[in-house]
Amino acid sequence: MQLASQRGSGSLIMVIMILLMGTLMLNATRRQLEDSMSLVADERHYFEQLTAATSSLRWGERLRWLTADEWQCQHHAEFNWRACLQPVQRLLRADSGPDTLTLYRWVNLLPHGALKPQPHGWLDFCPLNGGGICDVE
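Remember, it's a predicted structure, so these values are computed and weren't measured experimentally. (Residues numbered from 1 in each chain as written. Predicted model: local features only at pLDDT ≥ 70, side-chain atom pairs only at ≥ 80, totals over all residues. Heavy atoms only, no water.)

## Notes on the nonpolar core
When a protein is soluble and globular, its nonpolar side chains tend to lie buried together. Counting residues in each nonpolar core, the largest one holds 14 residues, and the members touching the most others are Trp65, Leu85, Leu92 and Leu115. Contributing elements (two or more residues each) for this core: helix H1 (2-62), strand E2 (81-86), strand E3 (91-95) and strand E4 (103-109). For this core, the leading source of residues is H1, giving four residues. When sequence neighbours within four positions are dropped, the list of residues in contact with tryptophan 65 reads Gly60, Gln72, Cys73, Gln74, Ala83, Cys84, Leu85, Leu92, Gly113 and Leu115. With eight residues, the next largest nonpolar core counts Trp71, Leu91, Leu123 and Val136 among its residues. (Core = buried A, V, L, I, M, F, W, Y, C linked by side-chain atoms within 4.5 Å. Buried < 20%, exposed > 50% of the residue type's maximum accessible area, 1.4 Å probe, protein only. Helix = DSSP H or I, 4+ residues; strand = E, 2+ residues; numbered from the N terminus. Contact = heavy atoms within 4.5 Å.)

## So, a nonpolar patch on the surface
On the surface, a nonpolar cluster with roughly 290 Å² of combined accessible area is contributed by Leu12, Ile16 and Leu20. Considering the arrangement of structural elements, one finds isoleucine 16 in helix H1. Assessed through its relative accessible area of 44%, isoleucine 16 is described here as partly exposed. (Patch = residues over 30% accessible without salt bridge, like charges linked within 9 Å, V, L, I, M, F, W, Y side chains within 5 Å. Areas by Shrake-Rupley, 256 points an atom, 1.4 Å probe, with all protein chains shown as cover. Salt bridge = Lys/Arg side-chain N within 4 Å of Asp/Glu carboxyl O.)

## Brief notes about the state of the cysteines
For the structure on display, the rule yields one disulfide. Each sulfur of the disulfide joining cysteine 73 and cysteine 84 lies 2.0 Å from the other. One disulfide, between cysteine 73 and cysteine 84, carries an S-S torsion of 105° and so falls in the right-handed class. Note that cysteine 73 is positioned in strand E1 (residues 72-76) and cysteine 84 in strand E2, a separation of eleven residues in sequence. (Disulfide = S-S within 2.5 Å.)

## What to know about the sheet that holds E1
Read across the open sheet, the five strands follow the order E1-E2-E3-E4-E5; overall the sheet is antiparallel. Two strands close off the open sheet at either side, each with one partner strand: E1 and strand E5 (115-123). Going across the sheet, the axis of each strand differs from the next one's by a mean of 25°, ignoring polarity. (Pairing = 2+ DSSP bridges. Axes fitted to C-alpha atoms, helices over the stretch in contact; angles between N-to-C directions.)

## Looking at the UniProt feature "transmembrane region" (unreviewed entry) in the protein
If you check UniProt for "transmembrane region" (unreviewed entry), the listed places come out as residues 12-29 in our numbering. Span residues 12-29 is 100% helix and 0% strand, its end C-alpha atoms 26 Å apart. (UniProt positions renumbered as here; feature names shortened; annotations may be inferred.)

## Some remarks on the side chain of glutamine 72
Counting through the fold element by element, glutamine 72 comes out in strand E1. Looking at glutamine 72, the relative accessible area reads 14%, which means it is buried. Within the local environment of glutamine 72, its side chain forms a polar contact with the backbone oxygen of leucine 66, the two atoms lying 2.5 Å apart. Apart from residues lying up to four places away in sequence, glutamine 72 is in contact with Trp65, Leu66, Thr67, Ala83, Cys84, Leu85 and Pro87. (Polar contact = N/O pair within 3.5 Å; in protein donor to acceptor, adjacent residues only side chain to side chain.)

## A few points about the pairing of E5
Here E4 pairs with E5 via five bridges, running antiparallel. Its bridge partner being in E5, valine 107 is matched across the sheet by proline 117. Counting the residues in the hairpin turn of E4 and E5 gives five residues, including histidine 112, whose phi is positive at 65°.

## Some points on the packing of aromatic side chains
With the rule as written, the count across this model stands at three aromatic pairs. Between tyrosine 46 and phenylalanine 47, the aromatic rings sit 5.3 Å apart at their centres with planes inclined by 65°, giving edge-to-face as the arrangement. Judged by centre distance (6.2 Å) and plane angle (50°), the ring pair of tryptophan 59 and tryptophan 81 falls under tilted. With tryptophan 59 in helix H1 and tryptophan 81 in strand E2, this pair connects stretches of sequence that are 22 residues apart. An aromatic cluster is built from Trp59, Phe79 and Trp81, whose rings are joined through pairwise contacts. (Phe/Tyr/Trp six-rings, centres within 6.5 Å; stacked < 30°, edge-to-face > 60°.)

As structure tokens, this is what we get:
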């Protein structure tokens, strides 16, 4: 009778070990899934901002601009887009609100305040030298 009870105990211990290993594997998989979901959310946020900034840039290219020496900005209230032009540097700056992704585009100024984007002239960083020169209020 002792041998049968010892064999049952060993089987029970093996079942418990298998259950523990399964639980540990499920927990590790859950943590890995949470990390992946965080990365997906970050990428989604980036692409939303990139799309909004690109749209704002395209909108700013179609606007009419006044002649000035300093940054001038125009706002699109519905989408919260902002396009700003630095006419001296011929640089267009666009974003979709404060603390969002900003894109830049070299442009040529045409008569009557129209802009013509330079081919391959878009940038995702401020090309002007000097701290804060691309900051617009």
